[in-house]
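# Structure at a glance
Residues per chain are reported as follows:
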Amino acid sequence: MSPKTRVVGLLGGGQLGRMLCESGAPLDAQIAVLDAENCPAKQINNNRHHVTGSFKDPVKIKELAANCDILTVEIEHIETEVLEEIDTNGVQVRNADGTTTNKKVAIHPSWRTLRLVQNKYEQKEYLKNQGIPIAEQMAIESGDAMLASMGEASEKFGFPWMLKARKDSYDGRGNFKISNKKDLEQAVKEFGNLSCYAEKWVPFELELAVMVIRTEDDSGKMKRVVPYPVVETVHEDNICSKVFMPPRNVSENVCKKAQKVATSVVEKLWGRGVFAVEMFLTKEGDIIFNECAPRPHNSGHASIESVPYMSQFKAQLTAILDEPLPEVLEPHVSSSIMINILGGADPDSHLPLVEKAKSMYGSRTAVYVHLYGKESKPSRKIGHITVTGFGSITDLEAFAQPLLKMVDAIRQ
Ligand code: ATP
Ligand code: MG
Ligand code: MG
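Since this is a predicted model, take the numbers as computed values, not measurements.

Scoring rules and cut-offs
Residues numbered from 1 in each chain as written. Chains lettered and ligands numbered in written order. Predicted model: local features only at pLDDT ≥ 70, side-chain atom pairs only at ≥ 80, totals over all residues. Heavy atoms only, no water. Donors = N, O, S within 2.8 Å, 3.2 Å for Na, K, Ca; no water. Helix = DSSP H or I, 4+ residues; strand = E, 2+ residues; numbered from the N terminus. Near = heavy atom within 4 Å. Polar contact = N/O pair within 3.5 Å; in protein donor to acceptor, adjacent residues only side chain to side chain. Nonpolar A, V, L, I, M, F, W, Y, C, P; charged D, E, K, R; others polar. Core = buried A, V, L, I, M, F, W, Y, C linked by side-chain atoms within 4.5 Å. Buried < 20%, exposed > 50% of the residue type's maximum accessible area, 1.4 Å probe, protein only. Contact = heavy atoms within 4.5 Å. Disulfide = S-S within 2.5 Å. Pairing = 2+ DSSP bridges. Axes fitted to C-alpha atoms, helices over the stretch in contact; angles between N-to-C directions. 1 Å grid on protein atoms, 1.4 Å probe; cavity = no way out; pocket = protein on both sides within 12 Å on 5 of 7 lines; lining within 4 Å. Points joined across faces, edges and corners; volume = space filled by probe spheres on them.

### Remarks on the coordination of the magnesium ion (ligand 2)
The protein atoms that coordinate the magnesium ion (ligand 2) are Glu-291 (OE) and Glu-291 (OE), at distances of 2.2 to 2.3 Å. The metal-metal distance between the magnesium ion (ligand 2) and the magnesium ion (ligand 3) comes to 3.8 Å, with Glu-291 coordinating both. Here Glu-291 is to be found in strand 17 (residues 287–293).

Structure below.
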């Protein structure tokens, strides 16, 4: 490590943090992680700057900040009050002689972005007012008024519609599809204590996502937004299961439109880093924004192999450290499929899938297995497989068929 190497503090050390560490290792980027002792990121990255504890604990966040030059996140559900305080006042560090000094620590993406996107309703209201197309939404009262408020949503949107928790949701865990009147009572039971909103059902053809790199100068003025190629994301049981590049049966024009919406979204946010933009594509060819995650994302995993010179993880480091970025992100392969490995009914359910993936060699195709060092639990993301090729996405899908079948079998 050269004395000039900056230390990046990372809030959260799951699989995204682990892959960030993998991409940082050849670059001599020091990554200090705040999470449990044996979290996936720390398993592969040993250094004296790590902090053991919860990335939700403000005291620990300050401790991590004192160890590093710049703070970033692998998860958006982080206490932003403390990040704002660090950004405004810096952080106290203890010197060898016992005195303390105040150190400036940059935070990327900005705590403003994190605060906004943490509340999915506010996130979409803000972006709607900036001209981004969203599905109609409506605030839902909590407590005793919830049932009546949901009745109004049913009148307004018709069945089905989606009840969503405003905060802390992931993998669809904060979503409840309201298909009829009976569902309303169940929804009160399950979501009654949460702050919620209603969203019009989108009968989408498919879902698209675009990762976007964003940079800005030290005064907060945006410098660049660079989009990755569009991907098609497939969700099963509300969890992303597969990602296809390019999207299947989607025209170039629609892909360009999706990239345009995604870059417009990211232009309206704050800070440096990579941002995932999830969208719906309707039958009519319209793009509707779903949500944005200001961090590396499941929909960008295949970039490790498909854009090897600037994976989404390398891009996160490159952007926050304000180092040179390419003008455009052109893949080195013509198609890719990312398949999530989710834990099955028993801890070994996924092993035959992994063995099969390791044994597959085709002509001008490649199969890459990523395991995250996590204990297997039903529906938990414990790894992923990326398949790349130089032919069409249809040909690649045919080649990947045995894996796609096995992964479906694990889910059942
Ligand atoms: P993530 O893990 O991506 O953060 P999340 O818990 O924030 O997920 P959403 O992205 O809101 O949840 O929704 C999860 C999935 O549910 C979507 O990808 C989509 O398949 C489906 N979905 C969400 N909203 C709607 C809607 N309004 N109409 C139809 N389907 C929807
Ligand atoms: Mg989400
Ligand atoms: Mg989502």
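### Description of the site of ligand 1
If you check the shell around ligand 1, you find 21 residues, and the closest are Lys-164, Asp-171, Gly-172, Glu-207 and Glu-291. One of the backbone N or O atoms of Gly-172 is found 2.7 Å from an oxygen atom in ligand 1. Every element with two or more residues in the shell around ligand 1 is listed here: strand 9 (161–165), strand 11 (196–200), strand 16 (273–281) and strand 17. Each residue belonging to the shell around ligand 1 can be placed in one class, and the counts come to six nonpolar, six polar and nine charged.

### Structural notes on the nonpolar core
If you look at the biggest cluster of nonpolar residues, it comprises 26 residues, and the most contacted ones within it are Leu-208, Val-265, Val-277, Met-279, Ile-287 and Phe-289. Those elements that place two or more of their residues in this core are strand 12 (206–216), helix 9 (252–267), strand 16 and strand 17. In this view, Met-279 contacts Leu-206, Glu-207, Leu-208, Ala-209, Val-210, Ala-258, Val-261, Ala-262, Ile-287, Ile-288, Phe-289 and Asn-290; residues no more than four positions away in its chain are not counted. Counting 21 residues, the second-largest nonpolar core is a separate cluster that includes Leu-64, Ile-78, Val-105 and Trp-111.

### Quick look at helix 11 (residues 312–320)
Taking burial as the measure, the nine residues of helix 11 include eight buried ones, the bulk of the element. For helix 11, the complete set of buried residues consists of Gln-312, Phe-313, Ala-315, Gln-316, Leu-317, Thr-318, Ala-319 and Ile-320. Looking at the residues trailing helix 11, positive phi occurs at Asp-322, about 55 degrees.

### Things to note about unusual backbone geometry
The bulk of non-glycine residues show a negative phi, and the bulk of peptide bonds are trans. Residue Pro-160 is bonded to the preceding Phe-159 through a cis peptide linkage, with omega at -10 degrees. Topologically, Pro-160 is positioned in the loop between helix 7 (146–157) and strand 9. Each neighbour pair has its own omega, and for Met-245 with Pro-246 the value is -5 degrees, a cis peptide bond. Positive phi, close to 65 degrees, is recorded for Asp-168, a residue that is not glycine. Mapped onto the elements, Asp-168 comes out in the loop between strand 9 and strand 10 (175–178). Taking relative accessible area as the criterion, Asp-168 reaches 52% and is therefore assigned exposed.

### Focus on the state of the cysteines
Tallying each qualifying case throughout the model produces zero disulfides. Cys-68 carries a free sulfur, and the closest cysteine sulfur to it, the one in Cys-21, is 13 Å from it. The closest cysteine sulfur to the non-disulfide-bonded Cys-255 is located on Cys-240, 17 Å from its own sulfur.

### Quick notes on the sheet that holds strand 2 (residues 30–35)
The sheet built from five strands is open, its strands ordered 3-2-1-4-7 with parallel pairing. Each edge of the sheet is formed by a strand with only one pairing partner; in this case those strands are strand 3 (51–52) and strand 7 (106–107). Where strand 1 (residues 7–11) meets strand 4 (residues 70–73), four bridges bridge the pair, whose relative direction is parallel. Opposite Gly-9, over in strand 4, you have Leu-71 as the bridge partner.

### Some words on the sheet that holds strand 11
Read from one edge to the other, the open sheet built from four strands follows the order 8-11-9-10, with strand pairing classed as antiparallel. Sheet topology places strand 8 (137–140) and strand 10 at the edges, where each strand pairs with a single neighbour. Pairs of neighbouring strands in the sheet enclose a mean axial angle of 25 degrees, with direction left out of account. Two strands pair when backbone bridges link them, and strand 9 and strand 11 are joined in this way by five bridges, in the antiparallel orientation. Note on strand 11: the bridge partner recorded for Met-162 is Glu-199. The strands that helix 6 (residues 120–129) touches are strand 8, strand 9, strand 10 and strand 11; relative to strand 8, the one it contacts most, it runs at about 140 degrees. Each of strand 8, strand 9 and strand 11 touches helix 7; the most contacted strand, strand 8, lies at about 165 degrees to it.

### Concerning the environment of Ile-320
Structurally, Ile-320 is set in helix 11. Non-local contacts of Ile-320, meaning those with residues more than four positions away in its chain, are made with Val-8, Ile-70, Thr-72, His-108, Arg-272 and Gly-273.

### Considerations on empty space enclosed by the protein
Summed over the entire model, instances satisfying the criterion amount to three cavities of 30 Å³ or more. Of the voids in this model, the largest cavity is the one considered here, and its volume is about 140 Å³. Those elements that provide at least two residues to the lining of the largest cavity are strand 12, strand 15 (239–245) and helix 10 (303–306). Across the lining of the largest cavity, the residue classes break down as eleven nonpolar, six polar and no charged. Ser-241, Asn-340, Leu-342, Val-407, Ile-410 and Arg-411 together form the lining of the second largest cavity. Here the lining of the second largest cavity takes three residues from helix 13 (residues 393–411), the largest share from any one element. Here the lining of the second largest cavity is built from residues that sort into three nonpolar, two polar and one charged.

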